[in-house]
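A look at the structure
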Amino acid sequence: MNIRLAVSGFILVLIIVSLAIAISKWGGSIDLKTSESYVTRQLGVITPPPTIGPAPFEKAGGRIITEEQLNAFLERNNIKLCLPSWIPANLSLTAIWALVYDGTIHFPVVFVFSPDGDTYYRASRNKLIVALKGFSATLSERRENAFGMSTVDLFRYYIQRGGISVYDRSGNLIGVIIQGGRKGISWAIVDIGGVEYHLYYRDADTLKAIIKSMCSGTV
Amino acid sequence: MTSKRRSSATFASITAVIIIVLILTISAHQALAQTRYYAGYFLLYGYYGVSGKIYTIDPDVPSGEIFAQWVTILIDSQKYYWVQVGYTKMYYTNYELKFYIEVNDSLGHRLWFFDAPVPGVTYTYTITAGTNNGHPVWYVTIKEGSSEVLNTWVYGDPVSSDYLEALSETSTTSISIDGTHFSNLAYWTGRGFPLWFTHLPYYDSPYRLNEISDYEFTARGGG
């Protein structure tokens, strides 16, 4: 009798949990021309969702490059590098990454500053990442053409939502710092000397100080 | 005696729950840690839109595995943010073909499945940056010829772009991707969709890639 009861309880729990899983995993189809909230309401966002996901940076030709390769790239493209002259004392440059295909370097070029020798190109709370994403004029034109927002419009968009303005010494808006995103990593976009820099570090105040030390940038 | 029975039932229930939680945890861990195999092209330029025609194949997908073919904008390689549209067959679709949109950005990781693509039919998948009521968004469409299958948008934060991808993806080489055909790969300039003018080919063994042009390839292998 005890065994029967135990088996019944076991089966009942199995059925309930299986039903709950089946219901949570599947939603159904939706109408066309919907907003994201409608899509979300209809189907539900699967939590935690499985990652189908893109191929990561390494598979797109991302690799660690030497300073010589970097210098040749900078010279060829007439880029004056504006790395920070001040960074937190515990950090040091551990790697420079870039997309490399057929011997040619492509943006982004990524500088990793780490406290513990970590060379990985992904942002994390204890590392400073400085990524050159491309020529600011080209990127701004692409943005403006693609979605009607120039780079300055984009800065203003984030500033309206709590982003911190970054001005150069002449008072021009050259960037924005967005505080504490997912995983507590703050993020900044700064346009310096014709190149767009993306910086990632755990707190906005330190990012401010780092940006202040880049060429003529002042916050 | 009654309390003994109750205790047995409670014990059995708790044991069942623990076993289920363990199984789910292990499965989720395995799903997240799965190796991925890719075949296709990259365009190493940060354009704010991508488009491509993908012929629909319908391979057998073993239990717990993933098959997908898609186009992607890699929004930010430092944060591993992306927006992707394509079709898939996997455990979350009950091993049926489904269209899907996937976004991973500062707003979180979102994945939506839509009605089923028809095997043997070529669909055009498109993602473009845009604004909606002043908010940056990604517009996503799926078309069969000129007929719209899906036209929607999702919030984007940030709306940015490091490079573009057009790939076939599996989680095991036991999935055959024979018949894979991507064509008319194009990027969005804000005014139009020029075809890709260069490409970085990529494939993981045992898959093979046949490069037809900068904007067209076929792939095969596996199974």
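Description of the structure in this document. Just so we're clear, the structure is a prediction, and the values are computed from it rather than from any experiment.

The helix and strand inventory of chain B stands at one helix and 14 strands. The 223 residues of chain B split such that 58% are buried. Sequence-distant contacts, at least 24 apart, represent 62% of the contacts inside chain B between residues at least 6 apart. Summed over its atoms, the accessible surface of chain B is roughly 8,400 Å², and 53% of this surface lies on carbon and sulfur atoms.

Attention now goes to the packing of aromatic side chains. Overall, the coordinates contain 25 aromatic pairs over all chains when judged by the stated rule. Pairwise contacts between aromatic rings join Phe57, Trp97, Tyr120 and Tyr121 of chain A into one cluster. Stacked on the ring of tyrosine 80 of chain B, the Lys or Arg arginine 122 of chain A has its end atom at 4.1 Å from the ring centre. Taking the ring centre of tyrosine 47 of chain B as reference, the NZ or CZ of arginine 142 of chain A above it sits at 4.4 Å.

The next thing to look at is the sheet that holds strand β8 (residues 135-144) of chain B. Reading across the sheet, the seven strands line up as β9-β8-β7-β2-β11-β14-β13 (chain B) and stay open at both edges, with antiparallel pairing between neighbours. The open sheet is flanked by β9 (147-155) and β13 (208-213) of chain B, the only strands paired with a single partner. For this sheet, the mean angle separating the axes of adjacent strands, direction not counted, is 20°. Contacting β7 (122-132) and β8 of chain B, helix α4 (residues 136-147) of chain A crosses the sheet at an angle of about 105° to β7 of chain B.

What follows concerns the sheet that holds strand β1 (residues 37-43) of chain B. Residue and element names in this part refer to chain B. The strand order across the open sheet built from seven strands is β6-β5-β4-β3-β10-β1-β12, with neighbouring strands paired in antiparallel fashion. Unpaired on one side and paired on the other, β6 (108-114) and β12 (200-203) mark the two borders of the sheet. For this sheet the average axis-to-axis angle between neighbouring strands, irrespective of direction, equals 15°. Sheet analysis places β1 next to β12, joined by four bridges and oriented antiparallel. From the neighbouring strand, alanine 39 faces β12, where its bridge partner is tyrosine 203.

Let's shift gears to helix α6 (residues 204-212) of chain A. Residues and elements named next belong to chain A. Where α6 is concerned, the buried positions are Ala204, Thr206, Leu207, Ile210 and Ile211. Buried residues of α6, viewed axially, fall in a sector of 155°; they line one side. For α6, the N-terminal capping position is held by aspartate 203, with its side-chain oxygen 3.3 Å away from the main-chain nitrogen of aspartate 205.

In terms of nonpolar packing, the biggest core is built from 93 residues, with Phe42, Tyr125, Trp138 and Trp196 of chain B touching the most fellow members. Ranked by residue count, the leading element in this core is strand β3 (residues 66-76) of chain B, at eight residues. With 35 residues, the next largest nonpolar core counts Ile65, Phe111, Leu128 and Leu132 of chain A among its residues.

Its place among the elements puts glutamate 216 of chain B in strand β14 (residues 216-220). Buried within the structure, glutamate 216 of chain B lacks any salt-bridge partner; lysine 53 of chain B is the closest side chain of opposite charge, at an N-O distance of 11 Å.

A few words now on the environment of isoleucine 87 of chain A. All names here are of chain A. Mapped onto the fold, isoleucine 87 is located in the loop between α3 (67-76) and β2 (92-101). Overall, isoleucine 87 belongs to the buried group, its relative accessible area being 19%. In sequence terms isoleucine 87 and leucine 173 are 86 residues apart; their C-alpha atoms lie 23 Å from each other. Among all residues touching isoleucine 87, those that are not within four sequence positions of it are Ser92, Phe113, Leu128 and Ile210.

As a further point, take the state of the cysteines. All names here are of chain A. Per the stated rule, a full pass over the model turns up one disulfide over all chains. A disulfide bridge connects cysteine 82 with cysteine 215, and the sulfur atoms are separated by 1.9 Å. The disulfide joining cysteine 82 to cysteine 215 has a torsion of about -90° about its S-S bond and is therefore left-handed. With cysteine 82 in the loop between α3 and β2 and cysteine 215 in the loop between α6 and β9 (217-218), this pair connects stretches of sequence that are 133 residues apart. Its relative accessible area of 4% is what places cysteine 82 among the buried residues.

Parameters at a glance
Residues numbered from 1 in each chain as written. Chains lettered and ligands numbered in written order. Predicted model: local features only at pLDDT ≥ 70, side-chain atom pairs only at ≥ 80, totals over all residues. Heavy atoms only, no water. Helix = DSSP H or I, 4+ residues; strand = E, 2+ residues; numbered from the N terminus. Buried < 20%, exposed > 50% of the residue type's maximum accessible area, 1.4 Å probe, protein only. Contact = heavy atoms within 4.5 Å. Areas by Shrake-Rupley, 256 points an atom, 1.4 Å probe, with all protein chains shown as cover. Phe/Tyr/Trp six-rings, centres within 6.5 Å; stacked < 30°, edge-to-face > 60°. Lys NZ or Arg CZ within 6 Å of the ring centre and 35° of its normal. Pairing = 2+ DSSP bridges. Axes fitted to C-alpha atoms, helices over the stretch in contact; angles between N-to-C directions. Arc of directions from axis to C-beta. Polar contact = N/O pair within 3.5 Å; in protein donor to acceptor, adjacent residues only side chain to side chain. Core = buried A, V, L, I, M, F, W, Y, C linked by side-chain atoms within 4.5 Å. Lys, Arg positive; Asp, Glu negative; His and termini not counted. Salt bridge = Lys/Arg side-chain N within 4 Å of Asp/Glu carboxyl O. Disulfide = S-S within 2.5 Å.

Just geometry here; none of it tells us what the structure is for.
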